[in-house]
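Below are the chains, spelled out letter by letter.
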Amino acid sequence: MTKLLVIDDEPSILETLGMFFEEKGLTVLTADTGTKGMDLFRKLRPQVVILDIRLPDANGLDLLATMVKENLPAKIIMITAFQDMETTIVAMKTGAFDYIHKPLDIDQVEQAVDRAARIIEIDRKTPSLTPCAEPAAPVEIIGKSEKMRHVFKMMGLVCGRQVNVLLQGATGTGKELTARVIHMNSASKEAPFIVFDCSSVVDTIIESELFGHEKGAFTGADQTTIGKIELAGAGTLFLDEISQLPLKIQGKLLGFLQRREFTRVGGTRVLKSSCRIVAASNQNLSELVEKGQFKQDLFYRLKVFTIHLPPLEERLSDIPFLVEHFLTKINRELGTTATKIQDGVMERLRRHTWKGNVRELENIIVQALVGCRGNVLLRDDIDRILDQHRTEPVQGLESFSLAHVEKQHIARTLSQLGWNKTRAARLLQITLPTLRSKIKRYHIRPNGN
Ligand SMILES: Nc1ncnc2c1ncn2[C@@H]1O[C@H](COP(=O)(O)OP(=O)(O)OP(=O)(O)O)[C@@H](O)[C@H]1O
Ligand SMILES: [Mg+2]
């Protein structure tokens, strides 16, 4: 019979959960302090634990770490009123089985306990989870919405293990930020974090950029050069916009992922690297696979741990927290002092169509702070900035800027040529690398955003 231990200082929670699960046929033990809880845990070895984080005499996260260390097969479900990224990541990473927020939804708790009991049933010898409690990530991902909590959970699961991760999400949803935070929370955080943008360099040198080349490998290769994979060492290689990787290089990357071995361009020596690959794409890779534009085997390799970053529109409840975060951050960076927001601004922000997601929100706050004449962000100012963003391409003054006209022209050319970049570059009389960098800089997308 499954033994369940509930540790919480709220008598009503002990009582409710106790009655509920006893009725379902479990043996329930309860404790209202950390000390009593640990005592019961050690003596009676429950298979499932429901553990509160804020206890009168202890921090639930510390107890969690001890429990994981002492009795790995036990499934520990954290319940807490904390909703921040750090606690969720630390808890999941330390080895929590699940993380449920208060006020408790009994169905959710039941599901978690059932799932725990089922897994214990299936495999009594659960492999060990690495207990670790590293300091907080210096870079923060803001979000308290259900969708972001799920993202944090996934991050907590992957960051402690050197597995490859695929980040899928629209532009500005925080893919690069997520990659950094995964790296900073991993065991190899002291090792390098290397960014490689697959869309930023011309096809012919991508291979040597990634894998390096030997002296004399091609004209101009007058010395041996180390590629990004080697540079990343035991750290993380962030492959941004992986969909842009030419098919041939996709094959070579797949080979590396399968064997963890590679050769430099023009070389024969087999080199090894243990780096973690975090790949990002704002295009749906499975659709590209269907269209034959992305290698299926590579996609299958990469997608094992996929984290979907939700568009801002699907987590509007995060906007106030993001605004607060950006106010603090940008005030610090720009030396501005706006700390207040006029009533109605948040509602206005929630109604905006966020094509550029969090990046757009950040830009709007920057614009507002720069234009702000005091300590308060005014509704009128925000209205004006949002209207500009909404109507882009606009009739406003900015549409006369050279950059704007250039962006429009490039976008139109690309779309008329079915996104054939080589032809577009020829027509625009610029080189392919220049075109790529402009596409990147102006965030020109095939769908016209
Ligand atoms: N949840 C978040 N909390 C705090 N800042 C965020 C969050 N998401 C994104 N940002 C910020 O928004 C900006 C854009 O994020 P990032 O560059 O990671 O997006 P991206 O998904 O890589 O976009 P793109 O596909 O256009 O490259 C960054 O300044 C980042 O710090
Ligand atoms: Mg990015």
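For the structure itself, consult the block above.
For the structure given in this document, a descriptive report is provided here. If you're wondering where the values come from, they're calculated on a predicted model, not measured in any experiment.

Considering the sheet that holds strand S8 (residues 236-240)
Consideration 1: Spatially, the five strands line up as an open sheet ordered S7-S8-S11-S6-S12, and their pairing is parallel. Every interior strand has two partners, whereas the edge strands, strand S7 (193-197) and strand S12 (306-308), have only one. For this sheet, the mean angle separating the axes of adjacent strands, direction not counted, is 20°.
Consideration 2: Direction of pairing for S8 relative to strand S11 (residues 276-281): parallel, over a ladder of four bridges. Its bridge partner being in S11, Thr236 is matched across the sheet by Arg276.

Some details on the sheet that holds strand S5 (residues 98-101)
To summarise the sheet geometry, strands pair through backbone hydrogen bonds and adopt either a parallel or an antiparallel arrangement.
Consideration 1: Across the sheet, five strands lie side by side as S2-S1-S3-S4-S5; this open sheet has parallel pairing. What marks the edges here is a single partner per strand, and that holds for strand S2 (27-31) and S5. When the angles between neighbouring strand axes are averaged without regard to direction, this sheet yields 20°.
Consideration 2: Pairing between strand S4 (residues 75-80) and S5: four bridges, direction parallel. In the strand pairing of S5, Thr80 is matched with His101.
Consideration 3: Sheet contacts for helix H4 (residues 85-94): S4 and S5; angle to S5, the most-contacted strand, approximately 150°.

Topic: the site of ligand 1
Consideration 1: Ile142, Thr171, Gly172, Lys175 and Glu362 are the nearest of the 21 residues found near ligand 1.
Consideration 2: Here a nitrogen atom of ligand 1 and a backbone polar atom of Ile142 are 2.9 Å apart.
Consideration 3: Within the contact set of ligand 1, an oxygen atom lies 3.1 Å away from a backbone nitrogen or oxygen of Glu176.
Consideration 4: Contact with the protein chains removes 89% of the 630 Å² of surface that ligand 1 exposes when unbound.
Consideration 5: Breaking the shell around ligand 1 down by element, the ones donating at least two residues are helix H7 (175-184), helix H13 (319-334) and helix H15 (357-371).
Consideration 6: Counted by class, the shell around ligand 1 contains seven nonpolar, seven polar and seven charged residues.
Consideration 7: Two domains each provide a minimum of three residues to the shell around ligand 1, namely domain 2 (146-308) and domain 3 (333-390).

Focus: the nonpolar core
Consideration 1: Counting 31 residues, the largest nonpolar core has Leu210, Leu237, Leu239, Ile242, Phe256 and Phe294 as its most contacted members.
Consideration 2: For this core, the secondary-structure elements that each account for two or more residues are S7, helix H8 (203-211), helix H9 (228-232), S8, helix H10 (247-259), S11, helix H11 (285-290) and helix H12 (296-302).
Consideration 3: Take this core: its biggest share by element is five residues, from H10.
Consideration 4: Residues contacting Leu239, with those up to four places away along its chain left out, are Phe196, Cys198, Leu210, Leu253, Ile277, Val278, Ala279 and Ala280.
Consideration 5: Within the second largest apolar cluster, 23 residues are counted, among which are Phe326, Ile330, Ile364 and Leu369.

Cut-offs and rules
- Throughout this description, residue numbers start from 1 for each chain and increase along the sequence as written.
- The lettering of chains begins at A and the numbering of ligands begins at 1, in the order of writing.
- Owing to the predicted nature of the model, reporting of local features is limited to residues with pLDDT of at least 70; listing and counting of side-chain atom pairs is limited to 80 or more, with chain, interface and lining totals taken over all residues.
- Calculated side-chain values reflect all of the structure's heavy atoms, with hydrogen atoms and water omitted.
- In short, DSSP must find at least two bridges between two strands for them to pair.
- Put simply, DSSP marks the helices as runs of H or I at least four residues long and the strands as runs of E at least two long, and each gets a number from the N terminus on.
- Orientation is described by lines fitted to C-alpha atoms, with helices fitted over the stretch in contact, and by angles between N-to-C directions that extend from 0 to 180 degrees.
- What makes two residues a contact is simply this: any of their non-hydrogen atoms within 4.5 Å.
- Note on terminology: near, applied to a residue and a molecule or strand, indicates that one of the residue's heavy atoms is within 4 Å of it.
- We define a polar contact as two N or O atoms separated by no more than 3.5 Å, with the added condition that, inside protein, one atom must be a possible hydrogen donor and the other a possible acceptor, whereas residues neighbouring each other in sequence contribute only through side-chain atom pairs.
- Computed with a 1.4 Å probe, the accessible areas rest on the Shrake-Rupley method; for each residue, only the protein chains presented here act as cover.
- The residue classification treats Ala, Val, Leu, Ile, Met, Phe, Trp, Tyr, Cys and Pro as nonpolar and Asp, Glu, Lys and Arg as charged. All others, Gly included, are polar.
- Here the limits of each domain have been adopted from an automatic or database domain assignment.
- As used in this record, nonpolar core signifies buried Ala, Val, Leu, Ile, Met, Phe, Trp, Tyr and Cys residues forming a set joined through side-chain atoms within 4.5 Å.
- Note on exposure labels: buried denotes an accessible area under 20% of the residue type's maximum, exposed denotes more than 50%, and partly exposed covers the range between, all computed with a 1.4 Å probe on protein chains only.

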